[in-house]
Amino acid sequence: MVDAVAALFAEGDFRPAVFDDPGGPGGGAGDDLVGELCRRVLGPLARSDQRRSGELYIRGLLAATGRKSIRNIAAQTGGPADAQRLHHFISDSTWRWRPVRAALAHHVGALAPPLAWVVHTATLPRAGRGGVGVEQFTDPRTGRRVNARCAVGLWAVTAHGACPVDWILRLTPRWLDDPVLRARARLPADAAAVDAVAAGLDMVRATAATAGPHRAPVLLDARHAPAGRVAARLQAGGFPYLLRIAASHPLTPLAADGRDAARVVTARHLAAGPAAAGAYGRVRPPGAADGPYDVVRVPCRAYDTPPGPRRRQLLLARRDPYHPERTAYWLTDLTTLPSAALLRLAAAPDGIDRDVSVTGRRHGLHDFDGRTFAGWHRHITLASAAHAAALLLDRRPAVAGPPPPPAPTRRGERSLPRKRP
């Protein structure tokens, strides 16, 4: 799996896909693909009517244009009673979403094995403040204050694009401490404030582990977390990692024989100290829109690593040659990957951020009109399945079938001779 990651992120032109509209029901081979995804993903639902409603909802999300309200989704199925049926299925039904998400992760893993898992915090703008979890947040992309839900998602990055497979909704004290809001949103008794890093680790353990026997690297922003402990938890689960860390994070340099040095330094000082002197190299990742960067790799260990088995770790520092103060730091155990591959891997969360704002709107990640906690989770689960279906539909011609024949030459045009090898 590490070799596959290196091949993908070191060569070629990889970016999370921006999907085209795959069309609605009755799409021939695409319809079969969506039907198979629905059978696999909705298989854990106990009742056949629930599975039928789930498939109607996924197909409606794929076919509807504009805002994905239940009325708009139901309009794509052609049945006059479907709006009430789907409203009950999302808001009042009792089906559990976690087994459905596990089935989604497993199905995506079987068709397009994940080459990385990205824990990504998304700000999902909403009009008004009535829906569950909606609060005033600062959008990290624009810096503006917006009404939005804040949710932590686990995204599978594949050779064909990226899609979410699990979610945790972040609730503010306004929702958790107000009994009226709790009752209105039907928050479960155990609903509590969650830390984004802890939530991400829980999703990796609960969902990513179901996607297949291979453990793809986990990308996670640990700048406000004990990165050594985060790395130890991922290592215990068999997951390699690439963790974004703060410049002030304490690290222990490694001597030439692999033993810990006697001193502890910050990531900033290690990347600028004697161990990195003369070791910076200029790297431009293939297909990247920005760069080049000055990159250095320094063997180290996180100082806050708990007792137990330890892997060799690496500090990766990426410095803008024109603005040296703009330096980013990562901690990883992917010590055999080349720097270009690590930089492409580190850029995956930026692509997912664009995917949430563009593709997520097309398939309903932003559009939940209900007010309940369980309703949001059911909607976002099926929207994630629609996102995966669109990914597979969009990339299907690229992985199957012969190449198209050359276009015929128009009258009056001359064909260019082929160059001899």
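Residues numbered from 1 in each chain as written. Predicted model: local features only at pLDDT ≥ 70, side-chain atom pairs only at ≥ 80, totals over all residues. Heavy atoms only, no water.

(A) Structural view of the overall build of the protein chain. Within the protein chain, the regular secondary structure consists of 14 helices and 12 strands. Taken over 421 residues, the protein chain has a buried fraction of 52%. When contacts within the protein chain are restricted to residue pairs at least 6 apart in sequence, those whose partners lie at least 24 apart make up 65%. Of the roughly 20200 Å² of accessible surface on the protein chain, 52% is carried by carbon and sulfur atoms. (Helix = DSSP H or I, 4+ residues; strand = E, 2+ residues; numbered from the N terminus. Buried < 20%, exposed > 50% of the residue type's maximum accessible area, 1.4 Å probe, protein only. Contact = heavy atoms within 4.5 Å. Areas by Shrake-Rupley, 256 points an atom, 1.4 Å probe, with all protein chains shown as cover.)

(B) Structural context of the nonpolar core. Ranked by size, the top nonpolar core spans 120 residues in total, and within it Trp117, Leu234, Leu243, Ile245, Leu251 and Leu315 carry the most contacts. When residues in this core are grouped by element, the largest group, 14 residues, is from helix H14 (residues 373-399). If sequence neighbours within four positions are ignored, leucine 243 has contacts with Leu220, Ala222, Ala227, Val230, Ala231, Leu234, Tyr329, Trp330 and Leu331. (Core = buried A, V, L, I, M, F, W, Y, C linked by side-chain atoms within 4.5 Å.)

(C) Structural context of the packing of aromatic side chains. Taken as a whole and assessed by the stated rule, the structure comprises 3 aromatic pairs. Pairing phenylalanine 89 with tryptophan 95 gives two aromatic rings, centres 5.1 Å apart and planes at 20°, and the pair type is stacked. For the ring pair tryptophan 155 and tryptophan 167, a centre distance of 6.4 Å and an interplane angle of 75° mean the geometry is edge-to-face. Separated by 12 residues along the polypeptide, tryptophan 155 in strand S3 (residues 145-158) and tryptophan 167 in strand S4 (residues 161-170) bring together distant segments of the chain. Tryptophan 155 gets classed as buried once you look at its relative accessible area, which sits at 0%. Given a relative accessible area of 1%, tryptophan 167 falls into the buried group. It is arginine 244 that lies over the ring of tryptophan 330; its NZ or CZ is 5.2 Å from the centre. (Phe/Tyr/Trp six-rings, centres within 6.5 Å; stacked < 30°, edge-to-face > 60°. Lys NZ or Arg CZ within 6 Å of the ring centre and 35° of its normal.)

(D) Looking closely at helix H12 (residues 339-346). Burial runs high along H12: 8 of the 8 residues are buried. When H12 is considered as a whole, its buried residues turn out to be Ser339, Ala340, Ala341, Leu342, Leu343, Arg344, Leu345 and Ala346.

(E) Structural view of the pattern of salt bridges. Counted under the stated rule, the structure contains 14 salt bridges. Connected through shared salt-bridge partners, Glu36, Arg39 and Arg40 make up one network. (Salt bridge = Lys/Arg side-chain N within 4 Å of Asp/Glu carboxyl O.)

(F) Expanded view of the packing of helix H3 (residues 48-63) against helix H5 (residues 82-91). Contact geometry for H3 and H5: axes closest at 10 Å, N-to-C directions at 105°. In terms of their interaxial angle, H3 and H5 are classed as roughly perpendicular. Side by side, H3 and H5 meet where Asp49, Gln50, Arg52, Ser53, Gly54, Leu56 and Tyr57 of the first sit next to Asp82, Arg85, Leu86, Phe89 and Ile90 of the second. Tallied by class, the residues present in the contact of H3 with H5 amount to 5 nonpolar, 3 polar and 4 charged. (Axes fitted to C-alpha atoms, helices over the stretch in contact; angles between N-to-C directions. Parallel < 35°, antiparallel > 145°, perpendicular 65-115°, else oblique. Nonpolar A, V, L, I, M, F, W, Y, C, P; charged D, E, K, R; others polar.)

(G) Up close: unusual backbone geometry. In this model, arginine 186 sits at a positive phi of 55°, which is unusual for a non-glycine residue. Note on placement: arginine 186 falls in the loop between helix H8 (179-185) and helix H9 (196-206).

(H) Molecular detail of the side chain of aspartate 320. Examined against the element boundaries, aspartate 320 turns out to sit in strand S11 (residues 313-320). We note that aspartate 320 is buried and unpaired, the nearest opposite charge coming from arginine 326 at a distance of 4.3 Å. Within the local environment of aspartate 320, its side chain forms a polar contact with the backbone nitrogen of tyrosine 322, the two atoms lying 2.9 Å apart. The contacts of aspartate 320, once residues within four sequence positions are left out, are Tyr293 and Arg326. (Lys, Arg positive; Asp, Glu negative; His and termini not counted. Polar contact = N/O pair within 3.5 Å; in protein donor to acceptor, adjacent residues only side chain to side chain.)

(I) Focus on the environment of leucine 345. For leucine 345, the location among the structural elements is in helix H12. Sequence separation between leucine 345 and proline 217 is 128 residues; the distance between their C-alpha atoms is 9.1 Å.

(J) Representation of the pairing of strand S12 (residues 323-332) within the structure. Across 4 bridges, strand S6 (residues 241-245) lies against S12 in antiparallel orientation. Bridge pairing in S12 links isoleucine 245 to tyrosine 329. Relative to S12, S11 runs antiparallel, the two sharing 7 bridges. From the neighbouring strand, leucine 315 faces S12, where its bridge partner is leucine 331. The turn joining S11 and S12, which pair antiparallel and follow one another in sequence, is formed by 2 residues. (Pairing = 2+ DSSP bridges.)

(K) Local environment of the pairing of S4. For S4, the buried fraction is high: 9 of the 10 residues fall into the buried class. Taken together, the 9 bridges between S3 and S4 define a ladder with antiparallel strand orientation. The partner of glycine 153 across the bridge, within S4, is tryptophan 167. Connecting the antiparallel pair S3 and S4 is a turn made up of 2 residues.

(L) Molecular detail of the packing of H9 against helix H10 (residues 227-236). One way to put it is that H9 packs onto H10 with a least axis distance of 11 Å and a crossing angle of 5°. Between H9 and H10, the interaxial angle falls into the category roughly parallel. Residues Val197, Leu201, Asp202, Val204 and Arg205 of H9 form the contact with H10, whose participating residues are Val230, Arg233 and Leu234. Considering only residue class, the contact of H9 with H10 consists of 5 nonpolar, no polar and 3 charged.

(M) A look at the environment of valine 265. Tracing the chain through its elements places valine 265 in strand S8 (residues 265-266). For the pair valine 265 and histidine 249, spaced 16 residues apart in sequence, the C-alpha to C-alpha distance is 8.2 Å. Apart from residues lying up to four places away in sequence, valine 265 is in contact with His249, Pro250, Leu251, Pro253 and Leu270.

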